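Here is what each chain is made of, one letter per residue.
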Amino acid sequence: MNYFRSLWVGLLSLLTGMGITLKYFFKKPVTVLYPKERIKMKRFKGPITFTVEEKNGDHKCIACNACIKVCPSRCMSLVAKKSATDGKRVLTDFKVNYMLCSLCSLCIDVCPTDALKHDDPNYDMVSLTQKDLMMDLLKPFREKGTPLTQIPVVEDAPKVVTP
């Protein structure tokens, strides 16, 4: 009698397990094949990049240095020169060192023109060398030849020191 009871309990546990298996067999999978499929991240703080204006495809940075001043990590550097046409400041170089960046978003919060944002699809930034983590944010704009990258600038004349 004990034998048939253990046989019945084993059969019930087998059917329960198969029922659970069939239930999850027809559900949508939870996992994704990572390199081929990517999940859209919500509220993700990734690497910093420039926002792009829709009308001309250029960045919105006015080279005010607010992001540089507020950065606790001191991971950003920018160079601005005077325009040869109207004398306004023109951004000529903007680099971010992601080895130092703590992704605190203070630079994004303080920007008066909303020129900076987090780069959402680039959440898996990996590098074998430190040089690859030094990003030039103006590089894509230079490659496209956007209007702000074509403004002629006044080069600083070398200073002559007299004795």
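Keep in mind that this is a model prediction, so the values were computed, not measured. Per chain, the residues get numbers from 1 upward, laid out in the order the sequence is written. Where totals are concerned, whole chains, interfaces and linings use all residues; where local detail is concerned, this predicted model gives features only for residues with pLDDT of at least 70, and gives and counts side-chain atom pairs only at 80 or more. Hydrogens are left out, water is left out, and the side-chain values use all remaining heavy atoms of the structure.

### Observations concerning a nonpolar patch on the surface
Now for step 1: Here the term patch refers to residues with relative accessible area over 30% and no salt bridge, with like charges joined within 9 Å and nonpolar side chains (Val, Leu, Ile, Met, Phe, Trp, Tyr) within 5 Å. The protein chains shown are the only cover counted for residues, whose accessible areas, like all others here, come from Shrake-Rupley with a 1.4 Å probe. The salt bridge definition used is simple: a Lys or Arg side-chain nitrogen within 4 Å of an Asp or Glu carboxyl oxygen. The grouping of Trp-8, Val-9, Leu-11, Leu-12, Leu-14, Leu-15 and Met-18 at the surface amounts to a nonpolar patch, some 700 Å² of accessible area in total.
Now for step 2: Judged by relative accessible area, Leu-15 falls into the exposed class, the value being 53%. Here's how the labels work: a residue is buried when its accessible area is under 20% of the maximum for its type, exposed when over 50%, partly exposed in between, all with a 1.4 Å probe on protein chains only.

### A few points about the nonpolar core
Nonpolar side chains tend toward joint burial in soluble globular proteins.
Now for step 1: Grouped together as the largest cluster of nonpolar side chains are 23 residues, with contacts concentrated most on Phe-50, Met-76, Leu-91, Phe-94 and Leu-116.
Now for step 2: Helical segments are the DSSP runs of H or I of at least four residues, strand segments are the runs of E of at least two, and each set is numbered from the N terminus. Elements with a contribution of two residues or more to this core: strand 1 (48-50), strand 2 (76-82), strand 3 (89-97) and helix 3 (106-110).
Now for step 3: When residues in this core are grouped by element, the largest group, 3 residues, is from strand 3.
Now for step 4: The contact partners of Phe-50, leaving out residues within four places of it in the chain, are His-59, Cys-61, Leu-91, Phe-94, Ala-115, Leu-116, Lys-117, Leu-137, Leu-138 and Phe-141. Working definition of a nonpolar core: buried Ala, Val, Leu, Ile, Met, Phe, Trp, Tyr and Cys residues. They are joined through side-chain atoms within 4.5 Å. Whether two residues are in contact is decided by their heavy atoms, any of which lying within 4.5 Å being enough.

### Looking at the layout of surface pockets
Now for step 1: By volume, the largest pocket amounts to about 270 Å³.
Now for step 2: Along the wall of the largest pocket there are 15 residues; nearest its centre are Cys-61, Arg-89, Val-90, Leu-148 and Ile-151.
Now for step 3: Residue type decides the class: Asp, Glu, Lys and Arg count as charged, Ala, Val, Leu, Ile, Met, Phe, Trp, Tyr, Cys and Pro as nonpolar, and the leftover types, Gly among them, as polar. Taken together, the residues that form the lining of the largest pocket break down as 7 nonpolar, 3 polar and 5 charged.
Now for step 4: In this model, the second largest pocket occupies a volume close to 160 Å³.
Now for step 5: A cavity here means a set of 1 Å grid points, computed over protein atoms only, where a 1.4 Å probe fits but cannot escape. A pocket is an open set with protein on both sides within 12 Å along at least 5 of 7 lines, and lining residues have an atom within 4 Å of a point. Taken together, 12 residues make up the lining of the second largest pocket; nearest its centre are Ile-48, Thr-49, Met-135, Asp-136 and Leu-137.
Now for step 6: Listed by contribution, the elements that provide at least two residues to the lining of the second largest pocket are strand 1, strand 5 (134-136) and helix 4 (139-144).
Now for step 7: Residues of the lining of the second largest pocket, tallied by class, amount to 7 nonpolar, 2 polar and 3 charged. Grid points are joined across faces, edges and corners, and a volume is the space filled by probe spheres set on the points.

### Let's talk about the sheet that holds strand 3
Now for step 1: If you walk across this open sheet you meet the 3 strands as 2-3-5, and the pairing is antiparallel. Each edge of the open sheet carries a strand with a single partner, namely strand 2 and strand 5. Put simply, the sheet's adjacent strands are angled 20° from each other on average, direction ignored.
Now for step 2: Think of it this way: DSSP has to see at least two bridges between two strands before they count as a pair. Pairing geometry for strand 2 and strand 3, over 7 bridges, is antiparallel. Looking across to strand 3, one finds that Ser-77 is bridged to Lys-95. Axes here mean lines fitted to C-alpha atoms, for a helix over just the part in contact, with angles spanning 0 to 180 degrees between N-to-C directions.

### Some points on the pattern of salt bridges
Now for step 1: Going through the model one piece at a time under the given rule, you end up with 3 salt bridges.
Now for step 2: Close ionic contact of Lys-95 with Asp-93 constitutes a salt bridge, the shortest N to O distance being 2.9 Å.
Now for step 3: Among the salt bridges present, the one from Arg-142 reaches Asp-136, with a minimum N-O distance of 2.7 Å.
Now for step 4: Taken together, the shared-partner salt bridges in this structure form one network comprising Asp-93, Lys-95, Asp-136 and Arg-142.

### Examining the packing of aromatic side chains
Given two aromatic rings, one states the distance between the centres and the angle between the planes to describe the pair.
Now for step 1: Aromatic pairs are defined between Phe, Tyr and Trp rings, using the six-membered ring for Trp, whenever the two ring centres lie within 6.5 Å; interplanar angles under 30 degrees are classed as stacked, those over 60 as edge-to-face, and all others as tilted. Evaluated as defined, the whole model comprises 4 aromatic pairs.
Now for step 2: Centre to centre, the rings of Tyr-3 and Phe-4 are 5.5 Å apart; their planes meet at 70°, and the pair counts as edge-to-face.
Now for step 3: Its relative accessible area of 57% is what places Tyr-3 among the exposed residues.
Now for step 4: Its relative accessible area of 56% is what places Phe-4 among the exposed residues.
Now for step 5: Taken together, the aromatic side chains of Phe-50, Phe-94 and Phe-141 make up a single cluster linked through ring pairs.

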